[in-house]
Amino acid sequence: IHSEYPNKLACVDSGMLKIYLKQGDAEAMNPMKGIPENDKYDEGTPIPFYVHYEDQVEHAAKRARLVEVEEPLTAETARLHVEKGVKSGKYKAPALPEGYTEAPLHREEACRIVQKYIKAVRAKTNKGPDGKFPMLGCSGMKGIGKTAMLVHGARVLVPELEQDPSVKAVYMTFNGGGAHKKVFCKSLQRPGCEKDFDDAFGHMLMACCGVELDVAQCLNFDACLGVCRSLLGLGDGGTVVCFVDEIGDLKEQCTPALSALMAQMDKLHGKLAFVFAHIRQDVLNEQQTASGRRVIPMTLPALPLDVWKVLLKGTKWVEAAAKHPGLHQLLLACCGHPRSLVDGLPAALVEVPNLLSDPSKAALMRARTAIVTECKFNDATDEYMAEVVPAWFNFVNMLDTGRLARDGLLISVNGKHPEAAVELLQPLVLQHWVHRKCELNSMAFHLQEAYDSDAVVGPDAEKSFEAIMYHYEAVLRLAVKGKVFTLRSFYQTSHVDPSWGAQEVTARVPKDRNLVVWVPDFSDMDKVLGLLNQGFLVVSRAHGEVGIEYLSPFVDVESGKLIVAAVQCKFVNTKADSWTNIKGKMLTAMAGLLKKNVQCFPVVYTTRDRCTINSAT
């Protein structure tokens, strides 16, 4: 009995077994008549109970829960206990999560980086002159595929490297309030152990092996890692690769924990490697400044914008998107975000079963809400968005994108050309807020109008782009209300004389929710100028028949005089007209402004000249 329960009390004397029972268990043993009825015990006090060893021990073991002896475990007794558990098969190597055996789509470079890093650690070829290994950190917004990348690394990439001496992988996560993180935090809560991050990680590793917490807490990091190596079947020269997910959930403890774990990696000279995942690359980069350690960044961008065509091939989504612009816009708004496409779209169909056949505005709104909820983007409150959205469009005082990255709302989007990657405020989240606030908020109103115009754009619907552009200009004006800026910063392009646009201007913003006003044409210039002086964007219903779609007003800071941009849109799939002819028409159209001594200049929103570039770009 004692050998089976080394931390329980079971004393054998003269053929009798003395065990300690809790009050309720002792009463349950009544058929054995072992306790005098007149004996009294305080509740919770272990009760001595004697049974005949030969006849009653098996019955007692089945009926009673043995009570742990209130004496502290030592490192030595804990070590012996764990060794016995390893030999008996009671403890197992940490199990890897299921799935993720197929290579993640468009993550070939990330897979290459992981394998190259592990090889270099094992060979000790990437160790710096200071004896420090570099740290590999996988980063990206929530739902972008960090977990998939780490589990794939543990399940597939590491086994592909296996040789003699071998390499084995474990996966651990600090996500949410999971069991792993709870063990880690409990370990740090012990008196005097608040900064023992490496030992706490070792105890977390032991919990994954099934070792009891009180036993694990008697072991230091080296002992814990030794147990894990034994369970993984590694020899003395093998390497344990720990894929550690969501380490950012440790918050202020993240940086010191990273430092402690990497110090252990340095000490073990290639027998231990870490691959960390964090939502923010800048936090991982703090290791470089905190300890002088080189950091290898592995930021996961979104998949290509049109990846939905591959992921949804053979489904009804593809056919429905070809018929309904709103659905096509919804798929593009996913921006190649894996969780939005893989988990969010099915959630949308559960919420709106007839979405694909009848994608009304209300249905699309409910679908977006379902995707936002499924992807856990709904942490962004209305108050938060009301602050962030204007800051996002403010080109004078640029928003610190680190905040959006920290909050999981910054998505890096690659088109067909990775070098042209851009960072976006998550479009689904933005449109979700816009649709709910467009009746009261001027910026939300103009964004909604731009979305509505975008949803009806077809292959040859050149004129539909006008509304997108003047509503977008309205959004920019609202974002820089009261700010001083230059025309060059408002109309950002390299296709202009370098000396143009340096003068400082402001944009007047009327109190109306709608900053856009339509006129039949620009023939009544006095009326047009009156609207421009109030800050309205003036759109001609003649739709460019005189060479201009709309007029956009600014005020020169130095002189206080009106400056007007005369805007034309030439988004075409075929070759544009002669640029000389376009410019001539616009100058003719500006004659009315020039006669009124108003400073003006032409602006053309266009695709690039198809004669000078490859059609694929």
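The structure reproduced in this document is the subject of the present report.

## Looking at the side chain of Gln-431
In step 1: Mapping Gln-431 onto the fold places it in helix H19 (residues 427-437).
In step 2: Residue class for Gln-431 comes out buried when judged on its relative accessible area of 4%.
In step 3: Excluding residues within four positions of it along the chain, Gln-431 makes contact with Gln-329, Ala-333, Arg-368 and Tyr-451.

## What about the pattern of salt bridges?
When the charged atoms of two side chains lie near each other, side chains of opposite charge can form a pair.
In step 1: If you walk through the whole model with that rule in mind, you get 13 salt bridges.
In step 2: With a closest N to O distance of 3.0 Å, Lys-361 and Asp-452 form a salt bridge. Here Lys-361, found in helix H16 (residues 361-374), pairs with Asp-452, found in helix H20 (residues 442-454); they are 91 residues apart in sequence, far enough to count as distant.
In step 3: Asp-452 sits in the partly exposed class, given a relative accessible area of 25%.
In step 4: Across the salt bridge formed by Asp-526 and Lys-596, the nearest N and O atoms sit 2.8 Å from each other.

## Here's the deal with empty space enclosed by the protein
In step 1: In the structure shown here, the tally under the stated rule is one cavity of 30 Å³ or more.
In step 2: In this structure, the largest cavity encloses a volume near 30 Å³.
In step 3: For the largest cavity, the full set of lining residues is Arg-477, Arg-508, Leu-532, Asn-533, Gly-535, Pro-553, Phe-554, Val-555 and Leu-562.
In step 4: The set of elements that each furnish at least two residues to the lining of the largest cavity consists of helix H23 (525-534) and strand E15 (550-556).

## Quick word on the environment of Gly-153
In step 1: If you trace the backbone, Gly-153 turns up in helix H5 (residues 146-161).
In step 2: Residue classification places Gly-153 among the buried residues on the basis of a relative accessible area of 0%.
In step 3: Remark: the alpha-carbon pair of Gly-153 and Ala-103, spanning 50 residues in sequence, is separated by 9.4 Å.

## Considering the layout of surface pockets
In step 1: Taken as a whole, the second largest pocket spans an internal volume of roughly 1300 Å³.
In step 2: Along the wall of the second largest pocket there are 43 residues; nearest its centre are Lys-142, Gly-143, Ile-144, Lys-146 and Arg-339.
In step 3: The set of elements that each furnish at least two residues to the lining of the second largest pocket consists of H5, strand E5 (167-173) and helix H15 (338-351).
In step 4: Considering only residue class, the lining of the second largest pocket consists of 17 nonpolar, 11 polar and 15 charged.

## Some points on a nonpolar patch on the surface
In step 1: Taken together, the side chains of Leu-105, Val-310, Leu-311 and Val-342 present a nonpolar region at the surface, about 330 Å² in accessible area.
In step 2: For Leu-311, the location among the structural elements is in helix H12 (residues 308-311).

Rules behind the numbers
Residues numbered from 1 in each chain as written. Predicted model: local features only at pLDDT ≥ 70, side-chain atom pairs only at ≥ 80, totals over all residues. Heavy atoms only, no water. Helix = DSSP H or I, 4+ residues; strand = E, 2+ residues; numbered from the N terminus. Buried < 20%, exposed > 50% of the residue type's maximum accessible area, 1.4 Å probe, protein only. Contact = heavy atoms within 4.5 Å. Salt bridge = Lys/Arg side-chain N within 4 Å of Asp/Glu carboxyl O. 1 Å grid on protein atoms, 1.4 Å probe; cavity = no way out; pocket = protein on both sides within 12 Å on 5 of 7 lines; lining within 4 Å. Points joined across faces, edges and corners; volume = space filled by probe spheres on them. Nonpolar A, V, L, I, M, F, W, Y, C, P; charged D, E, K, R; others polar. Patch = residues over 30% accessible without salt bridge, like charges linked within 9 Å, V, L, I, M, F, W, Y side chains within 5 Å. Areas by Shrake-Rupley, 256 points an atom, 1.4 Å probe, with all protein chains shown as cover.

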